[in-house]
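# Tertiary structure, described
Below, each chain spelled out in residue letters.
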Amino acid sequence: MPDEELGRMAETCKMKYTVLDSPLGKIELCGCEQGLHGIRFLRGKTPSTDPTEAPANAELLRGPEGLPESLEQCTAWLEAYFQEPAATEGLPLPALHHPVFQQDSFTRQVLWKLLKVVKFGEMVSYQQLAALAGNPKAARAVGGAMRSNPVPILIPCHRVICSDGSIGNYSGGGQAVKEWLLAHEGIPTRQPACKDLGLTGARLKPSRGSTSSKLSG
């Protein structure tokens, strides 16, 4: 999240911060009384693509005293995710108050659709997500929406891949982080980098424990 954007939010919202120490390094959460604004990977740790080689838990580095409910909920959600991703399905999601969620836009529509439809153990292509958001020709715009996602992991842009099966880029923390997250969810990834968000014709890999994807196209 750009510093100038954080500055603008700070002018209208009383921002509070907390930091988690996770298998992917330190993760900063920021939010106000109205909701969560951002999840940001703090640089300094390159994850192994094998999640079993990293500690399974996340540790809160700043106490939750005085934190808005959204930060407490996000902290609990991330701690559960790093223990066992499937356990997050029964946890409440924090309210979201980043500006991208306060205005009617294709980016907001794409992010909400990704959050609601693409669940643990599933993947979707940029083109399929564009179709789910109402514009099947907007695969490149979906790529832009993923880059604008202020709350990675919570809104799982790491589950969005290329139509040819390659995993694509990940602005949340780099391709190594994307590979780690997918492997943590039981999805093996040893694919070349994505070169074209508009590729068509390929089907999604099956979800874990199933023989076909729910979102094949």
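Everything discussed here concerns the structure shown above.
Residues numbered from 1 in each chain as written. Predicted model: local features only at pLDDT ≥ 70, side-chain atom pairs only at ≥ 80, totals over all residues. Heavy atoms only, no water.

## As for the environment of Met15
Position of Met15 relative to the elements: it lies in the loop between helix H1 (3-12) and strand S1 (16-22). Overall, Met15 belongs to the buried group, its relative accessible area being 13%. Sequence spacing of Met15 and Cys30 is 15 residues, and the spatial spacing of their C-alpha atoms is 6.5 Å. (Helix = DSSP H or I, 4+ residues; strand = E, 2+ residues; numbered from the N terminus. Buried < 20%, exposed > 50% of the residue type's maximum accessible area, 1.4 Å probe, protein only.)

## Some thoughts on helix H6 (residues 175-184)
Note on helix geometry: an α-helix contains 3.6 residues per turn, so any two residues three or four positions apart are oriented the same way. The buried fraction of H6 amounts to seven of the 10 residues, a majority that puts the element mostly inside the structure. Buried within H6 are the following residues: Val177, Lys178, Glu179, Trp180, Leu181, Leu182 and His184. For H6, the secondary structure elements touched by its buried residues are strand S3 (35-41), helix H2 (69-83), helix H4 (126-132) and strand S6 (160-161). (Contact = heavy atoms within 4.5 Å.)

## Some details on the side chain of His97
Mapping His97 onto the fold places it in the loop between H2 and helix H3 (106-117). When its relative accessible area of 15% is taken as the criterion, His97 is described as buried. Among the polar contacts listed, one links the side chain of His97 to the side chain of His37, at a separation of 3.4 Å. (Polar contact = N/O pair within 3.5 Å; in protein donor to acceptor, adjacent residues only side chain to side chain.)

## Comments concerning the packing of aromatic side chains
Pairs of aromatic rings are described using the distance from one ring centre to the other and the angle between the two planes. What the rule picks out here adds up to four aromatic pairs. Residues Phe82 and Trp180 carry aromatic rings whose centres are separated by 6.0 Å and whose planes lie at 55 degrees to one another, so their mutual orientation is tilted. Of this pair, Phe82 sits in helix H2 while Trp180 sits in helix H6, and the two are 98 residues apart along the sequence. Like Trp180, Phe82 is buried. (Phe/Tyr/Trp six-rings, centres within 6.5 Å; stacked < 30°, edge-to-face > 60°.)

## Overview of the nonpolar core
Side chains of nonpolar character tend, in soluble globular proteins, to be buried together. Leu114, Met146 and Ile153 are the most contacted members of the largest nonpolar core, which has 43 residues in total. Where this core is concerned, the elements lending two or more residues are strand S2 (25-32), S3, H2, H3, H4, helix H5 (139-147) and H6. No other element matches H2, which puts six residues into this core. Those residues in contact with Leu114 that lie beyond four places of it in its chain are Val124, Leu129, Met146, Ile155, Pro156, Cys157 and Val160. (Core = buried A, V, L, I, M, F, W, Y, C linked by side-chain atoms within 4.5 Å.)

## Details of the packing of H3 against H5
Look at H3 against H5: their axes get within 9 Å of each other, and the N-to-C directions meet at 80 degrees. For the element pair H3 / H5, the angle class is roughly perpendicular. In contact with Phe106, Thr107, Val110, Leu111 and Leu114 of H3, H5 contributes Ala141, Val142, Ala145 and Met146. (Axes fitted to C-alpha atoms, helices over the stretch in contact; angles between N-to-C directions. Parallel < 35°, antiparallel > 145°, perpendicular 65-115°, else oblique.)

## Some points on H2
Taking 1.5 Å per residue as the helical rise, H2 with its 15 residues ought to reach 21 Å, and the 21 Å between its terminal C-alpha atoms agrees with that figure. Listed as buried for H2 are Ser70, Leu71, Gln73, Cys74, Thr75, Trp77, Leu78, Ala80, Tyr81 and Phe82. (Expected span 1.5 Å × (residues − 1).)

## A look at the layout of surface pockets
The space that makes up the second largest pocket amounts to roughly 250 Å³. For the second largest pocket, the lining is made up of 15 residues, of which Trp77, Thr88, Leu93, Leu115 and Lys119 are closest to its centre. Of the residues in the lining of the second largest pocket, the class split is 10 nonpolar, one polar and four charged. (1 Å grid on protein atoms, 1.4 Å probe; cavity = no way out; pocket = protein on both sides within 12 Å on 5 of 7 lines; lining within 4 Å. Points joined across faces, edges and corners; volume = space filled by probe spheres on them. Nonpolar A, V, L, I, M, F, W, Y, C, P; charged D, E, K, R; others polar.)

## Brief notes about unusual backbone geometry
Phi angles above zero are rare outside glycine, and Ile153 is one such case at about 75 degrees. Relative to the elements of secondary structure, Ile153 occurs in the loop between H5 and S6.

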